[in-house]
Amino acid sequence: MIEKIVLIVFGAVLGKIIDLYLAKRKLNNLENVLIEELEDIKARLQLITTSYERCIQIFALGGISHDIPMKLSNPIFAKHYSDVAPKLAASQRKSFALINSYVDTVNHGIETLIQNQPLTSENLQPDTLNTWGELLKGQHSNVATAYWHVNYHLSNKDHPFLDTEDISVHKAYINQLKSSEEHIQKLITDAKNNLSTTDFS
């Protein structure tokens, strides 16, 4: 009788240990998949940046591109982040939340461009074109900033959140913002000096 009780207790304990192991393994797998999703987002942001750069070049030549990039998606974060969050460090949670906000910002920017895109040549008035250009430049900057944060997270997985008290990292972030603005201006200048509308046909 005692042996049966011992076996039952041992079986229950072993089952509990196995359940805990499987649960931990599942969380580890989900955390790895979240990182893989960030890699995908990084690649997509690069494609969106390239698309915006082309749009900005066409704008610089007085035209409007109808090739608006597709939205980002992060289904793993949307479905499983709440499961993984308790396992993450505070800086990791903050970084994931910030990146998710940037995904929303980038997608909202794409929606804004679609809604404000002039569809005919008759709409290409100076004010319309300038408004369109400012929208493009603003969205390019948002995408560049999102890319910087994703890349920073992937390069600092254990402590990825931007700490404003870390002077060197904060300086790198500020330099990124400045570099993005300078890059946009260079795109416009180079397009006006070296390209024509036939280069995009």
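Refer to the structure above for everything that follows.
What you see is a predicted model, and the numbers here were worked out from it, not measured in a lab.

Re the packing of helix α4 (residues 126–155) against helix α5 (residues 167–194)
Argument step 1. Contact geometry of α4 with α5 gives a least axis separation of 10 Å together with a crossing angle of 145 degrees. Handedness of the crossing formed by α4 with α5: right-handed. Touching Lys137, His140, Ser141, Ala144, Thr145, Trp148, His149 and Tyr152 of α4 are Val169, Ala172, Tyr173, Gln176, Leu177, Ser180, His183, Ile184 and Ile188, all from α5.
Argument step 2. Here the contact of α4 with α5 is composed, by residue class, of nine nonpolar, seven polar and one charged.

Comments concerning helix α2 (residues 75–84)
Argument step 1. Among all positions of α2, only Phe77, His80, Tyr81 and Val84 are buried. On an axial view of α2, the arc spanned by its buried residues comes to 135 degrees, and they lie on one face. In α2, the exposed residues that point more than 90 degrees away from the buried face are Pro75, Ala78, Lys79 and Ser82.

Considerations on α5
In an α-helix, one full turn covers 3.6 residues, which means residues spaced three or four apart are oriented alike.
Argument step 1. For α5, built from 28 residues, the straight-helix expectation of 40 Å at 1.5 Å per residue is met to within 8% by its first-to-last C-alpha distance of 39 Å.
Argument step 2. Of the residues making up α5, those classed as buried are Val169, Tyr173, Gln176, Ser180, Ile184, Leu187, Ile188 and Ala191.

Let's talk about the pattern of salt bridges
Argument step 1. Tallying each qualifying case throughout the model produces five salt bridges.
Argument step 2. The salt bridge involving Asp67 is made with Arg54; its shortest N-O contact spans 3.2 Å. In this pair, Asp67 is assigned in the loop between α1 (2–60) and α2 and Arg54 in helix α1, connecting sequence segments 13 residues apart.
Argument step 3. Of the residues examined, Asp67 reaches a relative accessible area of 47% and is grouped as partly exposed.
Argument step 4. Look at Arg54 and you get partly exposed, because its relative accessible area is 29%.
Argument step 5. Taking the shortest distance from any N to any O, the salt bridge between Lys186 and Asp190 comes out at 2.7 Å. Here the residue Lys186 and the residue Asp190 both occupy positions in helix α5, the gap between them amounting to four residues, near one helical turn.

A word on the nonpolar core
Proteins that are soluble and globular tend to have nonpolar side chains buried together.
Argument step 1. Counting 44 residues, the largest nonpolar core has Leu38, Leu45, Phe96, Val106 and Leu136 as its most contacted members.
Argument step 2. Among the secondary structure elements, those contributing two or more residues to this core are α1, α2, α3 (90–116), α4 and α5.
Argument step 3. Examining the composition of this core, we find that twelve residues originate from one element, α1, more than from any other.

Side note on the environment of Leu88
Argument step 1. Secondary-structure assignment places Leu88 in the loop between α2 and α3.
Argument step 2. For Leu88, a relative accessible area of 4% translates into the label buried.
Argument step 3. Along the primary structure Leu88 and Asp158 are separated by 70 residues, whereas in three dimensions their C-alpha atoms are 9.1 Å apart.
Argument step 4. Apart from the residues within four sequence positions on either side, Leu88 is in contact with Glu31, Tyr81, Arg93 and Phe96.

Here is what the cut-offs are and how they apply
Residues numbered from 1 in each chain as written. Predicted model: local features only at pLDDT ≥ 70, side-chain atom pairs only at ≥ 80, totals over all residues. Heavy atoms only, no water. Axes fitted to C-alpha atoms, helices over the stretch in contact; angles between N-to-C directions. Helix = DSSP H or I, 4+ residues; strand = E, 2+ residues; numbered from the N terminus. Left-handed = near helix turned anticlockwise from the far one by under 90°. Contact = heavy atoms within 4.5 Å. Nonpolar A, V, L, I, M, F, W, Y, C, P; charged D, E, K, R; others polar. Buried < 20%, exposed > 50% of the residue type's maximum accessible area, 1.4 Å probe, protein only. Arc of directions from axis to C-beta. Expected span 1.5 Å × (residues − 1). Salt bridge = Lys/Arg side-chain N within 4 Å of Asp/Glu carboxyl O. Core = buried A, V, L, I, M, F, W, Y, C linked by side-chain atoms within 4.5 Å.

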